[in-house]
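# Observations on the model geometry
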Amino acid sequence: MFGKIKTRYIWILALVLFLLAIGFILLAIYTPSGMSNKLFVVLMTIDLILFTFCIQWGVQRSIKFKPKKIEYESKLYESDKDFDEVLKDNKFDLRNRSYGRSYIKIEGKNAYKVVLINDPDGYFTADNNETNQSLAKKLDRCDTFTAVEIFLSTNDEIKEKIADFSIQGERVYYTALERTSDGYLCHNYVEPNENHKLNVLHLYEYLGLKEKCDTQTEEK
């Protein structure tokens, strides 16, 4: 019920309480000592408490945090290849996950990873698969790590967070694509630097991913 009260009415009520408080103060000062004097002091105290509450309420309603919209560069890709088939044909190692399939391959000092997600609801659930210590040591010796997660199916939580999956560091380039009716959409395209450009192109060649249309801008 109180949530429907307009903000300007809260400030009007605060002003009325403020004027009443002044009146009760004057009455308490100039009224002869006695029951009336004590009554005005009590009323003044209650009024000041309500006035303080109204001020806090009005400030909360008036000052609303408006997060700045972040603009992301997006790219749309197309591919006519069966990802599982081409990854197996090109000797990527398969590791099954509760939410899909993870493929990885090391070529010299460069590591490549492709994750195909078909169960988005289980994506953020911890997977109990054991860590491959041998593979971890090989990855540590690599100069670069290039990875793409392809969401073959999504949900609202994934759509809200997928733009944050694109990151780039000195040795790591990681991004994510969402399969849509138009193709494979990268919600947050990060231009690969010189350390990663050829590796990203190489990985996308494996997957047959080609840019489909002009760059777009998304706001989130």
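Since the model is a prediction, treat every value here as computed from it, not as a measurement. (Residues numbered from 1 in each chain as written. Predicted model: local features only at pLDDT ≥ 70, side-chain atom pairs only at ≥ 80, totals over all residues. Heavy atoms only, no water.)

### Some remarks on the overall build of the protein
Of regular secondary structure, the protein possesses six helices and 10 strands. A total of 220 residues make up the protein; the buried ones form 38% of that total. Within the protein, counting contacts between residues at least 6 apart in sequence, those at least 24 apart form 72% of the total. Only carbon and sulfur atoms are counted for the fraction: they give 56% of the accessible area of the protein, which is about 14,200 Å². (Helix = DSSP H or I, 4+ residues; strand = E, 2+ residues; numbered from the N terminus. Buried < 20%, exposed > 50% of the residue type's maximum accessible area, 1.4 Å probe, protein only. Contact = heavy atoms within 4.5 Å. Areas by Shrake-Rupley, 256 points an atom, 1.4 Å probe, with all protein chains shown as cover.)

### Here we look at a positive patch on the surface
Taken together, the side chains of Lys109, Lys137, Lys138 and Arg141 define a basic patch exposed on the protein surface. Residue classification places Lys137 among the exposed residues on the basis of a relative accessible area of 54%. (Patch = residues over 30% accessible without salt bridge, like charges linked within 9 Å, V, L, I, M, F, W, Y side chains within 5 Å. Salt bridge = Lys/Arg side-chain N within 4 Å of Asp/Glu carboxyl O. Lys, Arg positive; Asp, Glu negative; His and termini not counted. Charge placed at Lys NZ, Arg CZ, Asp CG, Glu CD.)

### A few points about the environment of Phe92
Residue placement: Phe92 occurs in the loop between helix H3 (83-89) and strand S2 (93-97). Here Phe92 falls in the buried class, since its relative accessible area comes to 5%. Once the C-alpha coordinates of Phe92 and Tyr112 are considered, the two residues, 20 residues apart in sequence, prove to be 8.6 Å apart. In this structure Phe92 touches Leu87, Tyr103, Ile104, Lys105, Tyr112, Leu203 and Tyr206, once residues within four positions along its chain are discounted.

### Topic: unusual backbone geometry
If you check the backbone angles, Lys91 has positive phi at about 60° while not being a glycine. With respect to the helices and strands, Lys91 occurs in the loop between H3 and S2. For Lys91, a relative accessible area of 67% gives the class exposed.

### Focus on the pattern of salt bridges
For the structure on display, the rule yields six salt bridges. Between Glu194 and Lys197 there is a salt bridge, with the nearest N and O atoms lying 3.6 Å from each other. Overall, Glu194 belongs to the exposed group, its relative accessible area being 67%. Overall, Lys197 belongs to the partly exposed group, its relative accessible area being 32%.

### Some thoughts on the side chain of Ser102
Inspection of the secondary structure puts Ser102 in strand S3 (residues 100-107). The buried category is assigned to Ser102, whose relative accessible area is 2%. When neighbours within four sequence positions are excluded, Ser102 is seen to be in contact with Asp93, Leu94, Arg95, Arg97, Lys113, Val114 and Val115.

### Overview of the nonpolar core
If you look at the biggest cluster of nonpolar residues, it comprises 24 residues, and the most contacted ones within it are Val114, Ile150, Leu177 and Leu207. The biggest single contributor to this core is helix H6 (residues 197-207), with five residues. Sequence-distant contacts of Leu177, that is, excluding residues within four places in its chain, are made with Tyr77, Val148, Glu149, Ile150, Phe151, Ile162, Tyr184, Leu185, Cys186, Tyr204 and Leu209. Residues Leu135, Phe145, Ile162 and Tyr174 belong to the second largest nonpolar core, which totals 16 residues. (Core = buried A, V, L, I, M, F, W, Y, C linked by side-chain atoms within 4.5 Å.)

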